[in-house]
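# Reading the structure
Chain by chain, the residues:
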Amino acid sequence: MMLDGVATLGRAALGTCRGAGRLVLFALAGLSHIVRPPFYFRAFFRAMLDIGYFSLPVVALTAVFTGMVLALQSSTGLSRFSADSAIASLVVLSVTRELGPVLAGLMVAGRVGAAMAAEIGTMRVTDQVDALSTLSTNPMKYLVAPRLLAGLIALPLLVVIADILGVLGGFIIATLKLGFNAATYLGNTLTFMQTQDVVSGLVKAAVFGLLISLMGCYHGYNSKGGAQGVGAATTAAVVAASVLILAFDYVLTELFFAR
Amino acid sequence: MTTVPKIRLRGVCKSFGDKLVLDGVDLDVMPGTSMVVIGGSGSGKSVLLKCILGLIEPDAGSIEIDGQNVLAMDRPAREAARARIGMLFQNGALFDSLPVWENVAFGLLAQRKIARAAAKAKAVEVLGQVGLAGSVGDLWPAELSGGMQKRVALARAIAATPEILFFDEPTTGLDPIMGAVIDGLIVDCVKRLGSTAIAITHDMLSARRIGDQAAMIHKGRIVWQSDAYGLMESGNPMVDQFTHGRREGPIQMELRK
Ligand SMILES: Nc1ncnc2c1ncn2[C@@H]1O[C@H](COP(=O)(O)OP(=O)(O)OP(=O)(O)O)[C@@H](O)[C@H]1O
Ligand SMILES: [Mg+2]
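Residues numbered from 1 in each chain as written. Chains lettered and ligands numbered in written order. Predicted model: local features only at pLDDT ≥ 70, side-chain atom pairs only at ≥ 80, totals over all residues. Heavy atoms only, no water.

## Things to note about a nonpolar patch on the surface
Residue and element names in this part refer to chain A. Among the surface-exposed residues, Val24, Leu25 and Leu28 lie close enough to one another that they form a single nonpolar patch of about 310 Å² accessible area. Topologically, Val24 is positioned in helix α1 (residues 2-34). Look at Val24 and you get partly exposed, because its relative accessible area is 47%. (Patch = residues over 30% accessible without salt bridge, like charges linked within 9 Å, V, L, I, M, F, W, Y side chains within 5 Å. Areas by Shrake-Rupley, 256 points an atom, 1.4 Å probe, with all protein chains shown as cover. Salt bridge = Lys/Arg side-chain N within 4 Å of Asp/Glu carboxyl O. Helix = DSSP H or I, 4+ residues; strand = E, 2+ residues; numbered from the N terminus. Buried < 20%, exposed > 50% of the residue type's maximum accessible area, 1.4 Å probe, protein only.)

As structure tokens, then:
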């Protein structure tokens, strides 16, 4: 009885290790194809459009509303202790360090990770991935590498915009609703905005972008068993990407800010 | 005869989990001939082609193309060997994110044989060879009927003029006339390119139209091989049962009661 339990646990642990190993190998193979020719520029630009451009509206809305809520919440919380500078600093700090990259990452994971897994998964179960191989094209190079690179580049760009719009959201509430002076608020924002905060946020974004693309590609690439398999791959890609984003957010925060 | 077979399989085995699909397949295909492979659903015909293409790694055995063991090659050599094979997949496997002409020219573009500007003209030319109008090139694969998709897939397979052609059920799901048209196109292409071909089919009429040689696969082995004219009167009870579609005979379909 005891031994059964241990064996089951052991099998599960082994399975997890095998899965993690496969994922790491997949990631290394995909990344190595980014730097080895031939390059597929069209596939890369399409991925940039999908990940970056078409995610703009949803990321922008998320950022604006988050900035607005932050300002509103902190105004009630901080009440009257020199509230104007406190709110400005709180908004710019939380948006650039945390909320910009994390929320953009989660939104893009839902949007793009799912679409990627579905597209590559469908290609897998309809033999299109095999067909690529028969037409002198390495599927890792054609399907995976451009998406990994696009994720790595597009997410920081999105987060720059999210940062600006998040601060703008806070600014709107602070000036229009809470009645702060616009110039003072902006001045405070600029005073409290630290290069390190912004840069750490952008590094996080790059890592999250890579994770999103990696999960979408990996689960799509390894999907099997028709429409149901593709559905499962899509779900797995989004869930895995979201969890990994939060986990890596912690790890990166440790690296950047803990002393 | 001392000619080296174009394709030579010896003892090719493959199982998925504990399910044995190929159990020691031996097969020779001579240069310039067309081999038709018949066999029940799930007997491993598609797996066999994918093994030769290197898309599935066999558990044991050897696969030689022009006397060279493909399984022993390093990756670049294998990719070069694969580039000499054109494959028509069972379900077409057209890239649905690309227009028809890019599908057809895909292999040529990938091999950098032609510039993108010239690719479309070339694609239209190849589409013409399979009896499709050039305007089809601007459509998307999803906008085509099943028969047109098969023809586009055929065009894609032959575009790079491969020395070896594989056809996985080229006429399944088509009406008899379209089936005959596709068979004719296949015979034309194989003759024009001088290619060696392996075709999988369930259609006996089609088998005799396409094939010079025929082989039957059952329970993971080649159980019969002869020339394709003898297919209907093979004298082999298993082949006879299959070609005449009889319920009783040596082959027992595994059906759950
Ligand atoms: N990737 C795979 N993983 C697991 N099992 C597989 C895989 N590919 C094929 N099989 C199994 O191998 C067997 C043979 O499949 P295959 O597709 O070669 O059949 P087939 O002879 O082409 O049949 P059909 O005439 O219906 O196309 C099937 O039982 C199938 O379940
Ligand atoms: Mg098949």
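## Digging into the pairing of strand β7 (residues 164-168) of chain B
Residue and element names in this part refer to chain B. Where burial is concerned, most of β7 is hidden: 5 out of the 5 residues are buried. Alternating residues of β7 divide into Ile164, Phe166 and Asp168 and Leu165 and Phe167, and every residue in both groups is buried. Alignment of strand β6 (residues 85-88) against β7, held across 4 bridges, turns out to be parallel. When the bridges of β7 are listed, Ile85 appears paired with Ile164. With 5 bridges joining them, β7 and strand β8 (residues 196-200) adopt parallel strand pairing. Bridge pairing in β8 links Phe166 to Ile198. Following the backbone out of β7, through helix α6 (residues 176-193) and into the adjacent parallel β8, one traces a crossover that is right-handed. (Pairing = 2+ DSSP bridges. Right-handed = clockwise from strand over helix to strand, strands pointing away.)

## Thoughts on the interface of chain B and chain A
Contacts between the two partners involve 24 residues from chain B, matched on the other side by 19 residues from chain A. Ranking the residues of chain B by area buried against chain A places Phe89(B), Phe95(B) and Phe106(B) at the top, with a combined share of 25%. Taken together, the connections running from chain B to chain A amount to 2 salt bridges. Counting every contact that joins chain B to chain A gives 4 residue pairs in polar contact (both at pLDDT 80 or more). (Contact = heavy atoms within 4.5 Å. Buried area = accessible area lost by both parts, 1.4 Å probe. Polar contact = N/O pair within 3.5 Å; in protein donor to acceptor, adjacent residues only side chain to side chain.)

## With respect to the site of ligand 1
All names here are of chain B. Neighbouring ligand 1 are 14 residues, the closest being Lys19, Gly42, Lys45, Ser46 and Gln90. Side-chain polar atom of Ser41 to an oxygen atom of ligand 1: 3.1 Å apart, as the coordinates give it. Contacts to ligand 1 include Gly42, whose backbone N or O atom sits 2.8 Å from an oxygen atom. Calculation on ligand 1 without its partners gives an accessible area of 630 Å², and the protein chains cover 63% of this total. By residue number, the principal contributor to the shell around ligand 1 is helix α1 (residues 45-53), which donates 3 residues. Classifying every residue of the shell around ligand 1 by side-chain character gives 3 nonpolar, 8 polar and 3 charged. (Near = heavy atom within 4 Å. Nonpolar A, V, L, I, M, F, W, Y, C, P; charged D, E, K, R; others polar.)

## A word on the nonpolar core
Within the largest apolar cluster, 83 residues are counted, with the highest numbers of intra-cluster contacts made by Leu9(B), Leu22(B), Val25(B), Phe166(B) and Ile198(B). Sort the elements by how many residues they give to this core and helix α6 (residues 139-177) of chain A lands first, with 13 residues. Those residues in contact with Ile198(B), other than ones at most four positions away along the chain, are Ile7(B), Val29(B), Met35(B), Val37(B), Leu49(B), Ile52(B), Leu165(B), Phe166(B) and Phe167(B). With 49 residues, the next largest nonpolar core counts Val104(B), Leu127(B), Leu154(B) and Ala159(B) among its residues. (Core = buried A, V, L, I, M, F, W, Y, C linked by side-chain atoms within 4.5 Å.)

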